[in-house]
Amino acid sequence: MGKEKNPEFYDYKDIARILNVGERSARSIMVQLDFPSFKLGSRVLVRIKDFDEWFENIVDKEIPIDYSVNKFKIVKEEN
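For every chain, the first residue of the written sequence is number 1, and numbering continues from 1 onward in sequence order. Reporting in this predicted model follows two pLDDT cut-offs: at least 70 for local features of residues, and 80 or more for side-chain atom pairs to be given and counted; totals over whole chains, interfaces and linings ignore these cut-offs and use all residues. Excluded from the side-chain calculation are hydrogens and water; included are all heavy atoms of the structure.

### Some words on the overall build of the protein chain
How we decide: Secondary structure is summarised from DSSP: a helix means a run of H or I of at least four residues, a strand means a run of E of at least two, and numbering begins at the N terminus for each. Each residue is placed in one exposure class: buried if its accessible area under a 1.4 Å probe, protein chains only, is under 20% of its type's maximum, exposed if it is over 50%, and partly exposed if it falls in between. Each accessible area is a Shrake-Rupley result for a 1.4 Å probe, and residues are judged covered by the shown protein chains and nothing else.
Counting its secondary structure elements, the protein chain contains 3 helices and 3 strands. Starting at the N terminus and walking to the C terminus, you meet the elements of the protein chain as β-α-α-β-β-α. Burial analysis of the protein chain (79 residues in total) assigns 25% to the buried set. Taken as a whole, the protein chain presents about 6,300 Å² of accessible surface, with 49% of it coming from carbon and sulfur.

Right under this line is the structure:
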């Protein structure tokens, strides 16, 4: 049995389809610091209403993608 789709959230496949980008780019967008996503287990999701608000704020702008950024990676500080 596969994971069922939740109609309140988008995952990276939805974002790729909506933005017409590849899945790698969609995953990178979803882990940027200013993207309103959250992590649930190993999945990164965004509420549809949060995505819509984010999208309205970037209309006519370039979507910045920094492939080295992942807001969910924990960086251990050295003492």
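### A short note on the side chain of Asp14
Put simply, the test is: Counting of polar contacts relies on pairs of N or O atoms within 3.5 Å, with two restrictions inside protein: one atom must be capable of donating a hydrogen and the other of accepting it, and residues adjacent in sequence are counted only when both atoms are side-chain atoms. Here, residues are in contact when the closest pair of their heavy atoms is within 4.5 Å.
Here Asp14 shows up in helix H1 (residues 12–19). Relative accessible area serves as the criterion here: at 8%, Asp14 is assigned to the buried category. Within the structure, Asp14 has its side chain in polar contact with the backbone nitrogen of Asp11 (distance 3.0 Å). Not counting chain neighbours up to four residues away, the residues in contact with Asp14 comprise Lys5 and Phe9.

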